[in-house]
Amino acid sequence: MASSGVSVAPECTQAFNDLKLGKSTKWIIYKISDDWKEIVVEETSTDPDYSKFREKLLSAKSKNKRGEEGIGGRYAVFDFEYEAEGGEGKRSKITFISWVPDDSPQYPRMMYSSSKDAIKRALNGLAADIQANDADDIEYDSVLSRVSKGR
């Protein structure tokens, strides 16, 4: 359980293991439930199109304590494939993205930031970790640059 009191649902680990063990899943988006008590799977996909994945993050919504909807944070895992430099062939890195937009409301921002370690601890085998706070942070080339350097 995170310091925020948010727990990780077992389905989160199961979806991650399916991705990690080479099943057809290419990405997973997690969210904190509307009652702010548990991290759950919002969506999984077999589509390797990064632009569709990015669009899902950019359009994420969360409710604040009063039930008002606004820009929302998410956690995500993307099985990022790229060509290694120097013609060394294809590489694949399971990349964790913590998406907490700077312009989202204060309460969701605080909850996503303080619950991040709980989900990361539940997902064994992450190769890269990206903290994203604006749209530029999740541009394909920006992520590729960080993933290919092993960060």
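Here's a quick rundown of the structure. (Residues numbered from 1 in each chain as written. Predicted model: local features only at pLDDT ≥ 70, side-chain atom pairs only at ≥ 80, totals over all residues. Heavy atoms only, no water.)

A few points about the pattern of salt bridges
Here is step 1: With the rule as written, the count across this model stands at 10 salt bridges.
Here is step 2: Between Arg54 and Glu139 there is a salt bridge; the shortest N-O distance is 3.1 Å. A residue pair is termed long-range when its members are at least 10 positions apart, and Arg54 in helix H2 (residues 50–58) and Glu139 in the loop between strand E8 (128–132) and helix H4 (140–148) qualify at 85 residues.
Here is step 3: One salt bridge in this structure joins Asp129 and Lys116, with 3.8 Å as the shortest N-O distance. Taken as a pair, Asp129 in strand E8 and Lys116 in helix H3 (residues 106–122) lie far apart in primary sequence, 13 residues in all.
Here is step 4: A residue is classified by how much of its surface remains accessible, and Lys116, at 15% relative accessible area, is buried. (Salt bridge = Lys/Arg side-chain N within 4 Å of Asp/Glu carboxyl O. Helix = DSSP H or I, 4+ residues; strand = E, 2+ residues; numbered from the N terminus. Buried < 20%, exposed > 50% of the residue type's maximum accessible area, 1.4 Å probe, protein only.)

A few points about the sheet that holds strand E7 (residues 90–99)
Here is step 1: Here we have six strands laid out as an open sheet, ordered E1-E3-E2-E6-E7-E8, and mixed in their pairing. The open sheet terminates on both sides in strands that have one partner only, identified here as strand E1 (7–8) and E8.
Here is step 2: Relative to strand E3 (residues 38–45), strand E2 (residues 27–32) runs antiparallel, the two sharing six bridges. Across the sheet, residue Ile29 finds its bridge partner in E3, namely Glu43.
Here is step 3: Sheet contacts for H3: E1, E2, E3, strand E6 (74–83), E7 and E8; angle to E6, the most-contacted strand, approximately 55 degrees. (Pairing = 2+ DSSP bridges. Contact = heavy atoms within 4.5 Å. Axes fitted to C-alpha atoms, helices over the stretch in contact; angles between N-to-C directions.)

Here's the deal with the nonpolar core
Here is step 1: Core analysis: the largest hydrophobic core is formed by 21 residues, its most contacted members being Tyr30, Ile32, Ile39, Tyr75, Val77 and Ile119.
Here is step 2: If you list the elements that add at least two residues to this core, you get helix H1 (10–20), E2, E3, E6, E7 and H3.
Here is step 3: Looking at this core, the element that brings in the most residues is H1, giving four residues.
Here is step 4: Residue contacts for Ile32: discarding those within four places in its chain leaves Val6, Lys37, Glu38, Ile39, Tyr75, Met111, Tyr112 and Ser115.
Here is step 5: In this structure, Leu57, Ala76, Tyr82 and Trp99 belong to the second largest nonpolar core, which totals 17 residues. (Core = buried A, V, L, I, M, F, W, Y, C linked by side-chain atoms within 4.5 Å.)

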